[in-house]
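Chain by chain, the residues run as shown.
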Amino acid sequence: MKHTTIAIIGMGNVGATTAYTLMLTGLASELLLVDIDQEKCEGEVRDLRDVMGFSATSQISATTLTQARTADIIIICAGKAQKPGQSRRELAQINSAIIAEIIKELNPRPETILLMVTNPVDLMTLIACKRSSLPHTKIIGSGTWLDTQRLKRYLGEHCGVAPESVSTLILGEHGDAQCVAWSQTSIGSQPLSYWNISEKTAHELAHQTTQEAYAIIQAKCATYYGVASCIADVCKAIIYNEQRIIPVSCYDSERDLCYSMPCIMGEQGIEQRLQPQLTPQEHQCLEQSLQTLITLKHETLL
Ligand code: NAD
C-alpha cells in the first residue's frame with residue numbers, strides 16, 4: 001500500500017473514533033491530528049499510540065492546521081455537535097464561521113482531498129467549495145452514506161437478510177429532508193414487491209432512518225461509530241481507487257449547492273456524479289430537499 005497521510009481536524013467524538021477506525025482498517029500510514037483544544041488533542045494522540053502495535057499506522061502527531069496541509073486526505077469534523085432535540089440545521093450559523101476559518105487557515109494544496117463531516121454537512125461542503133481553490137471534485141461531504149447504511153439495515157432486518165444484500169439510495173440533504181430513491185431499491189436483486197413491502201412499511205422505515213440520529217443523541221448525546229465507519233469507507237474508495245458508487249454530498253454547479261447523489265469514487269475524489277432515473281414522486285421529494293438547502297444557504301452562507 002502506498003504511504004497515505006490523513007489529517008483529522010476536530011478531535012471530538014467523531015474525529016477520535018475516525019482516527020481509531022482508520023488505524024484498525026490499516027488505511028492511514030500517518031495521522032496528523034488537530035484540535036483547538038491542544039491538551040485534549042495531545043491526550044488523543046497518546047491514547048491512539050497505544051493502538052500502534054495492532055495497526056499499520058506508524059506515525060501519529062498533534063499538529064497545526066498549517067502542518068495538516070501536507071496530508072493526502074483531510075477530514076474536517078470540527079465544530080459544534082447537535083444537542084438532544086436539536087436539528088442539524090440549527091448548527092449552521094456557528095459551524096459555518098468555524099469551517100470558513102479552518103479552510104482559510106488550512107489553504108488546502110491542489111492535490112488534497114477534503115472530506116467534510118461537520119453538520120449541517122451539505123452546507124459545510126458548499127462552504128469548503130466556496131472558500132478553497134480546490135477543484136470541486138476533491139471536496140466531498142459524508143452526506144447520506146450513513147443514512148443509506150441505516151436504511152439498508154432496517155430493510156435487511158425487515159426481510160431477514162443481511163444489509164449487504166440490500167441495495168438502496170438516499171439522496172438530497174443529510175437531514176430531515178432526505179429522500180429515499182425507492183425506484184433504485186432492491187433486496188437480493190428483487191424489487192420491494194417481491195418482499196411484500198407495502199408503501200406504509202416503506203414510509204415507516206424511511207421515517208425511522210431520519211429519526212435514528214435523534215434517538216441516539218437523546219440516549220448518549222452524540223453519534224460517532226457509524227459516521228466514522230462511513231468516513232473510513234470513503235477513504236478506502238479513494239486510497240484504493242475503487243471506482244465504487246457511494247452517495248456523498250457533492251457540488252452541483254447548476255444549482256450552486258452541495259447535496260448527496262450517487263458518485264463514482266476513486267483516487268481523484270469524485271470521478272463522476274451520476275443522475276439516477278427517478279420517478280416523478282422522487283423528483284418532487286428531491287426538489288423539496290434542495291429547496292430546504294437553498295433556504296439554509298441564503299440564511300447562513302458567509
Ligand atoms: P465534539 O464536540 O465531540 O467535537 C468537536 C471538536 O471540534 C471538539 O474537540 C472541539 O474542540 C473541536 N473544534 C471546535 N472548533 C475547532 C476549530 N476551530 N479548530 C479545530 N478544532 C475545533 O463533536 P462531535 O460529536 O465529534 O461532532 C463533530 C461534528 O460532526 C458535529 O458538527 C456533528 O454534528 C458532526 N457529525 C456529523 C455526522 C455526519 O453524518 N455528517 C455524524 C455525526 C456527527
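Sequence order as written defines the numbering, with residues in each chain counted from 1. Per-residue local features are limited, in this predicted model, to residues with pLDDT of at least 70; the limit for side-chain atom pairs, both in listing and counting, is 80 or more; totals at the level of whole chains, interfaces and linings are taken over all residues. The basis for every side-chain value is the complete set of heavy atoms in the structure, and neither hydrogens nor water enter the calculation.

### Side note on the site of the ligand
Selection criterion: One heavy atom suffices: a residue is near a molecule or strand as soon as one of its heavy atoms comes within 4 Å of it. Counted as a polar contact is a pair of N or O atoms within 3.5 Å, where, for protein atoms, one must be capable of donating a hydrogen and the other of accepting one, and residues adjacent in sequence contribute only when both atoms are in side chains. In these tables, accessible area is a Shrake-Rupley quantity obtained with a 1.4 Å probe, and a residue counts as shielded only by the protein chains included in the view. In the cavity and pocket records, a cavity denotes points on a 1 Å grid over the protein atoms alone where a 1.4 Å probe fits but cannot get out, a pocket denotes an open set with protein on both sides within 12 Å along at least 5 of 7 lines, and lining residues are residues with an atom within 4 Å of a point. For this analysis, a molecule is said to be in a pocket or cavity if more than half of its atoms are within 2 Å of the grid points defining it. A run of H or I in DSSP counts as a helix once it spans at least four residues, and a run of E counts as a strand once it spans at least two, with each numbered from the N terminus.
Asn 13, Val 14, Asp 35, Lys 80 and Val 117 are the nearest of the 24 residues found near the ligand. Within the backbone of Asn 13, a nitrogen or oxygen atom sits 3.0 Å from an oxygen atom of the ligand. For the ligand, a nitrogen atom lies 3.0 Å from a polar atom in the backbone of Val 117. Coverage of the ligand by the protein amounts to 85% of the 860 Å² it exposes when considered alone. More than half of the atoms belonging to the ligand lie within 2 Å of the grid points that define the largest pocket. Those elements that provide at least two residues to the shell around the ligand are helix H1 (13-24) and helix H4 (92-106). If one sorts the elements of the shell around the ligand by residue count, H4 sits on top with three residues.

### Describing the environment of Pro 110
Its place among the elements puts Pro 110 in the loop between H4 and strand S5 (113-116). Once the C-alpha coordinates of Pro 110 and Leu 126 are considered, the two residues, 16 residues apart in sequence, prove to be 17 Å apart.

### Overview of the pattern of salt bridges
This is how it is decided: A side-chain nitrogen of Lys or Arg and a carboxyl oxygen of Asp or Glu constitute a salt bridge if their distance falls within 4 Å.
If you walk through the whole model with that rule in mind, you get 13 salt bridges. Notably, a salt bridge pairs Glu 287 with Arg 255, separated by 2.5 Å at the nearest N-O pair. One end of the pair, Glu 287, is in helix H9 (residues 280-300); the other, Arg 255, is in the loop between strand S11 (244-252) and strand S12 (257-266), with 32 residues separating them in the sequence.

### With respect to the side chain of Glu 282
Rules: Here the term buried applies to any residue with accessible area under 20% of the maximum for its type, exposed to any over 50%, and partly exposed to those in between, with areas from a 1.4 Å probe on protein chains only. Counting rule applied: Lys, Arg positive; Asp, Glu negative; His and chain ends not counted. Residue contacts follow a heavy-atom distance rule, with two residues in contact if any of their heavy atoms lie within 4.5 Å.
Topologically, Glu 282 is positioned in helix H9. Of the side chains with opposite charge, Arg 255 lies nearest to the buried Glu 282, which makes no salt bridge, at 14 Å. At 2.9 Å, the side chain of Glu 282 and the backbone nitrogen of Trp 182 are in polar contact. Excluding anything up to four places from it in sequence, Glu 282 contacts Val 180, Ala 181, Trp 182 and Ser 183.

### Focus on the state of the cysteines
Formally: The disulfide criterion is simple: two cysteine sulfur atoms within 2.5 Å.
With the rule as written, the count across this model stands at one disulfide. Residue pairing for Cys 179: its cysteine sulfur links by disulfide to Cys 285, the two sulfurs lying 2.4 Å apart. Across the S-S bond linking Cys 179 and Cys 285, the dihedral sits near -105 degrees, which makes this disulfide left-handed. Remark: Cys 285 occurs in helix H9 and Cys 179 occurs in strand S9 (residues 179-180); sequence separation between them is 106 residues. Residue classification places Cys 179 among the buried residues on the basis of a relative accessible area of 3%. Taking relative accessible area as the criterion, Cys 285 reaches 26% and is therefore assigned partly exposed.

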